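One letter stands for each residue in the lines below.
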2 protein chains.
Amino acid sequence: MAKIETVLSPALFHLYEEGLHEKNVVVIDILRATTTMCVAFENGVSEMVPVSTPEEAAILHTKGYIAAAERHGETVSGFELGNSPQDYTRERVGNKKIAITTTNGTRALVMSAAAKRVYVGSFIHISALAETLLKDGRDVLLFCAGWKDKFNLEDTLFAGALAQKLLAGMTVEGDSTLAAIDLYQTASADLAGYLQKASHVGRFKSLHVESDLDICLRMDISTKIPVFSKGVINLLHHESAHI
Amino acid sequence: MAKIETVLSPALFHLYEEGLHEKNVVVIDILRATTTMCVAFENGVSEMVPVSTPEEAAILHTKGYIAAAERHGETVSGFELGNSPQDYTRERVGNKKIAITTTNGTRALVMSAAAKRVYVGSFIHISALAETLLKDGRDVLLFCAGWKDKFNLEDTLFAGALAQKLLAGMTVEGDSTLAAIDLYQTASADLAGYLQKASHVGRFKSLHVESDLDICLRMDISTKIPVFSKGVINLLHHESAHI
C-alpha cells in the first residue's frame, strides 16, 4: 500500500529525498503561494513560472509574462502582482503567463523538482487533488513550505486534511503525518478561528494575509490540478489525471 | 514576559540559536535518553558525562566511569548499560559516575551547550522542572531531540505538556509550541495508548522500548533537576534552583 509522509519544513526535506523520483510530492504554502497558484489556474492563467528572484521575474516580464513578486508577505515595489489570491482575478490573469517569486513556496517547488510529479497544494482543490493522488497510487510526500524554514500551522493543517483523505487508499508512515492529522482534527470545526488563535503573535497581521485567510481556507471551489514540471506550472492533462 | 519556543528537530535548531546564551534550553529525548538520565539521578548517580561515541565512553570506563552506549535503540555490544531506564537502578548506579552515548539525546545536549542553562527533560520530574524554569524566568527553548533528525511524537508531546505548565508565567512564541500544546491536549488522557497508536509502524518494537514506555511516561516521581554544564550532567544546586 502506498505511503504518506509529511515534511514539516524545507530544512527537513533532505531526510525524505531517498526514492524521491518514485514519489509524488505536494508542495504546501497555504498562506499564500500555492493557494494563489491554484486560484490563478481556476481563473484561467495559461502557465506560471516560479523563479527565485524578483530580477528573474522582471526579465521574464520583458518576454511577455506578468511579473509577480512577494517578499516577507508584501508585493515587491514595482511589480504588478504579489502573492494575494484576491489579485489573481480572471480579468487580470485569464490566458496570461505569469512569472512568480515568493518567500517560501517557489523555493519548495524547486527543491521538489526531482520527484515523479510535483503537485501544487491548496484547500481550494483538496478533494480533486486527493482523488488524483489516490488514482495514481504512488507514495506521497506532503511538503510544508513553512515560514523561513520554521514549522507553521496552516501548512501542517492542510497536510493533515489531505492525509486524512488519502487514508482511503494509503497508509501513514512516520509521526509527522500522524501529528498533522490530529492537529487537523482539532482545528477542522473552525479552521479560520483556530488559525486566528495561532496567529495571536501577529504573524498574519504583519503578512497582510488577514483578508486572504477566508479565501485560502475555502474548500473545493476548483477541480483543476496544477503540476510543476521542467520549471513550469501547468494543468495536469485531463487524460493523465484519470489513468 | 518570558517566551516559550519549541524546536521540533535538531535539524531546525540553528533557526533558534540567536540569543541562545540568554535562554534556558530543555533537551527532550523521552524515549529514552533524557528520561533515563533523570531516573539515574533520582537513583543517586553522582554525575553523567554524555559523549559522542562508544569509544569515548570506553575510554572514560578506564577512568572509573560506568560505560553506557546505545545505538539504534540497542545496547552496544560489550557495554554494561544501554539506554533503558530499567537498568539504572539505585543498586547499579547509586554514587557512581556514568559516561553515556545515545543516538539522539547526547547530541542534542552538546548542541545546546552555549545556552544560559541546559536542562534535561522528562515526565518523571516535569512539575519540578516547570517550577524551576518559572522561578528563573528566562526565555525557554524546548528542544526535541527527535529520531535521526525527524520529528517524533513523544518528544513533542512532552514539549506540549511542559509548555502548558509554563503558560502560568510565560507566553508562547511561534506555531511549533502551539502545535505541541494541542497535540498534548489530544493525547493527555491516555498518553501510552496514544503513542501505541502512533507507533503502529513498529518503531517502538524495533527500538525495544515497549517495556520502557510506562516508565518514560510516569509523571512526577522525582523532584531532582539534572543540568548539563561544561560537559557534565549534575544536579542543579538547591540554592540556585530557588534564586
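As shown above, the structure is provided for reference.
So, here's what we can say about the structure. What you see is a predicted model, and the numbers here were worked out from it, not measured in a lab.

Considering the overall build of chain A
Then, in step 1: Broken down by element type, chain A carries eleven helices and eleven strands.
Then, in step 2: Expected size for 243 residues packed as a compact globule is a radius of gyration near 18 Å; at 16 Å, chain A falls within 12% of this value.
Then, in step 3: When its C-alpha atoms are laid out on the principal axes, chain A stretches across 45 × 45 × 30 Å.
Then, in step 4: Within the span of chain A, comprising 243 residues, buried residues form 59% of the whole.
Then, in step 5: The contacts of chain A with a sequence gap of at least 6 include a subset with a gap of at least 24, amounting to 77%.
Then, in step 6: As presented, chain A carries roughly 9300 Å² of accessible surface, and 50% of it is formed by carbon and sulfur atoms.
Then, in step 7: Between the mean site of the 23 positive side-chain charges and the mean site of the 29 negative ones, chain A shows a separation of 3 Å.

Structural notes on the packing of helix α5 (residues 126-136) of chain B against helix α6 (residues 153-166) of chain B
All names here are of chain B.
Then, in step 1: Interhelical geometry of α5 versus α6 gives an angle of 50° and a closest axis separation of 9 Å. The orientation of α5 with respect to α6, classified from their angle, is oblique. When you trace α5 past α6, the crossing you get is right-handed. Here α5 contributes Ile126, Ser127, Leu129, Ala130, Leu133 and Leu134 to the contact with α6, which in turn contributes Phe158, Ala161, Leu162, Lys165 and Leu166.
Then, in step 2: Looking at the contact of α5 with α6 residue by residue, the classes come out as nine nonpolar, one polar and one charged.

Concerning the relation of the copies chain A and chain B
Then, in step 1: Between chain A and chain B, which share one sequence, the superposing operator has a rotation angle of 180° and an axial displacement of 0.0 Å; the RMSD is 0.0 Å. Viewed as a symmetry operation, the transformation between the two copies matches a two-fold axis.

Structural notes on the packing of aromatic side chains
Then, in step 1: Tallied over the entire structure, the rule returns four aromatic pairs over all chains.
Then, in step 2: Taking 5.0 Å as the distance between ring centres and 90° as the angle between the ring planes, the aromatic pair formed by A:Phe123 and A:Phe158 counts as edge-to-face. Of this pair, A:Phe123 sits in the loop between β7 (117-121) and α5 (126-136) while A:Phe158 sits in helix α6 (residues 153-166); the two residues are 35 residues apart in sequence, bridging distant segments of the chain.
Then, in step 3: Residue A:Phe123 is classed as buried on the basis of its relative accessible area, which comes to 1%.
Then, in step 4: When the ring centre of B:Tyr16 is taken as origin, the NZ or CZ atom of A:Lys150, which lies over that ring, is 4.4 Å away.

The rules behind these values
Residues numbered from 1 in each chain as written. Chains lettered and ligands numbered in written order. Predicted model: local features only at pLDDT ≥ 70, side-chain atom pairs only at ≥ 80, totals over all residues. Heavy atoms only, no water. Helix = DSSP H or I, 4+ residues; strand = E, 2+ residues; numbered from the N terminus. Rg over C-alpha atoms; globule rule 2.2 N^0.38 Å. Buried < 20%, exposed > 50% of the residue type's maximum accessible area, 1.4 Å probe, protein only. Contact = heavy atoms within 4.5 Å. Areas by Shrake-Rupley, 256 points an atom, 1.4 Å probe, with all protein chains shown as cover. Lys, Arg positive; Asp, Glu negative; His and termini not counted. Charge placed at Lys NZ, Arg CZ, Asp CG, Glu CD. Axes fitted to C-alpha atoms, helices over the stretch in contact; angles between N-to-C directions. Parallel < 35°, antiparallel > 145°, perpendicular 65-115°, else oblique. Left-handed = near helix turned anticlockwise from the far one by under 90°. Nonpolar A, V, L, I, M, F, W, Y, C, P; charged D, E, K, R; others polar. Least-squares fit on C-alpha atoms with pLDDT ≥ 70 in both. Phe/Tyr/Trp six-rings, centres within 6.5 Å; stacked < 30°, edge-to-face > 60°. Lys NZ or Arg CZ within 6 Å of the ring centre and 35° of its normal.

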